[in-house]
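# Residue-level structure breakdown
Spelled out from the first residue to the last, the chains are:
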Amino acid sequence: MAAGGKDRDARAARERARAYQARQEFHEGQVRRRTRDNLIAGIVGGVLILAVVGGQVAFYTVGPGKPAPSPSTSPSPSVSTAVPTSPGPASSPTP
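The rules behind these values
- Residues numbered from 1 in each chain as written.
- Predicted model: local features only at pLDDT ≥ 70, side-chain atom pairs only at ≥ 80, totals over all residues.
- Heavy atoms only, no water.
- Patch = residues over 30% accessible without salt bridge, like charges linked within 9 Å, V, L, I, M, F, W, Y side chains within 5 Å.
- Areas by Shrake-Rupley, 256 points an atom, 1.4 Å probe, with all protein chains shown as cover.
- Salt bridge = Lys/Arg side-chain N within 4 Å of Asp/Glu carboxyl O.
- Helix = DSSP H or I, 4+ residues; strand = E, 2+ residues; numbered from the N terminus.
- Phe/Tyr/Trp six-rings, centres within 6.5 Å; stacked < 30°, edge-to-face > 60°.
- Buried < 20%, exposed > 50% of the residue type's maximum accessible area, 1.4 Å probe, protein only.

## Considerations on a nonpolar patch on the surface
- Residues Leu39, Ile43 and Val47 make up a contiguous nonpolar surface patch of roughly 300 Å² in combined accessible area.
- Checked against the element boundaries, Ile43 lands in helix H1 (residues 2-61).

Here it is, written out as structure tokens:
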């Protein structure tokens, strides 16, 4: 009868060890999954940001957001008038 108690204890110890090992494997799988999911989310987020920036650049350079071309004037020869550079006294002094 004494051997029956040892078998029961050994069986319970084996069951605890098996459950512990299963929990460890499950936890490791969860850690790997979180790491993979975070990496995928980062890559997708980066691609999304690049797409948004590219869309904005395309919209404002070639799309309907493109500024309308302003009519350019051809440079014409202009006659410069002489403007006095230093202020001088008034032509008639005031009393």
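## Some remarks on the packing of aromatic side chains
- Taken as a whole, this structure holds 1 aromatic pair when the rule is applied.
- On the numbers, 4.9 Å between centres and 90 degrees between planes, the contact of Phe59 with Tyr60 is edge-to-face.

## Quick word on the pattern of salt bridges
- For the coordinates displayed, the defined rule picks out 3 salt bridges.
- Arg18 is the salt-bridge partner of Glu15, the closest N and O atoms lying 2.5 Å from each other. With Glu15 and Arg18 both in helix H1 and 3 residues apart, this pair spans about one turn of that helix.
- Since its relative accessible area comes to 42%, Glu15 is described here as partly exposed.
- A salt bridge links Arg36 to Asp37, with the shortest nitrogen-to-oxygen separation between them at 3.7 Å.
- Here Arg36 falls in the partly exposed class, since its relative accessible area comes to 47%.
- The exposure class assigned to Asp37 is partly exposed, which follows from its relative accessible area of 32%.

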